[in-house]
Amino acid sequence: SFPTAVPAWLTGEWRRETQSRLASSRFLNNRCNPSVLQQLAASPEQAGMWLWPLWNLAIWSEQLGLE
């Protein structure tokens, strides 16, 4: 394993984008508890490595039209 900058990205420049994308992703909100997604997005300092795959799933589902 090697360190990544994901926690820094999600607590910095991508924080708002991450919160917005998780809140607006119908794909994620239909498969996960929306309040848990909001809690994760609201505290990226604690949930950074959980947010990264969720954020990527949201983008992937949009690209494939799975919304």
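Data block above holds the structure.
Just so you know, these numbers come straight off a predicted model, no measurement behind them.

J.: Honestly, the packing of aromatic side chains in this entry has me stumped. Any pointers?
T.: The geometry of an aromatic ring pair is captured by the separation of the ring centres together with the interplanar angle, meaning the angle of the planes. Inspection of the entire model under this criterion finds 6 aromatic pairs. Aromatic side chains W9 and W14 sit 5.0 Å apart centroid to centroid with 45° between the ring planes, which places their arrangement in the tilted category. Here W14 falls in the partly exposed class, since its relative accessible area comes to 26%. Ring centres of F27 and W60 lie 5.7 Å apart, and the angle between their planes is 75°; this geometry places the pair in the edge-to-face category. Of this pair, F27 sits in helix 3 (residues 26-31) while W60 sits in helix 5 (residues 44-64); the two residues are 33 residues apart in sequence, bridging distant segments of the chain. Classification of F27 as buried rests on a relative accessible area of 10%. Here the aromatic residues W9, W14, W52 and W55 are joined through ring pairs into a cluster of three or more.

J.: Would you explain the side chain of S61 in this entry?
T.: Tracing the sequence through the fold places S61 in helix 5. Polar contacts involving the side chain of S61 include one to the main-chain carbonyl oxygen of A58, which spans 2.9 Å. Residues within four places of S61 in sequence aside, it is in contact with S25, F27, L66 and E67.

Thresholds, definitions, all that
- Residues numbered from 1 in each chain as written.
- Predicted model: local features only at pLDDT ≥ 70, side-chain atom pairs only at ≥ 80, totals over all residues.
- Heavy atoms only, no water.
- Phe/Tyr/Trp six-rings, centres within 6.5 Å; stacked < 30°, edge-to-face > 60°.
- Buried < 20%, exposed > 50% of the residue type's maximum accessible area, 1.4 Å probe, protein only.
- Helix = DSSP H or I, 4+ residues; strand = E, 2+ residues; numbered from the N terminus.
- Polar contact = N/O pair within 3.5 Å; in protein donor to acceptor, adjacent residues only side chain to side chain.
- Contact = heavy atoms within 4.5 Å.

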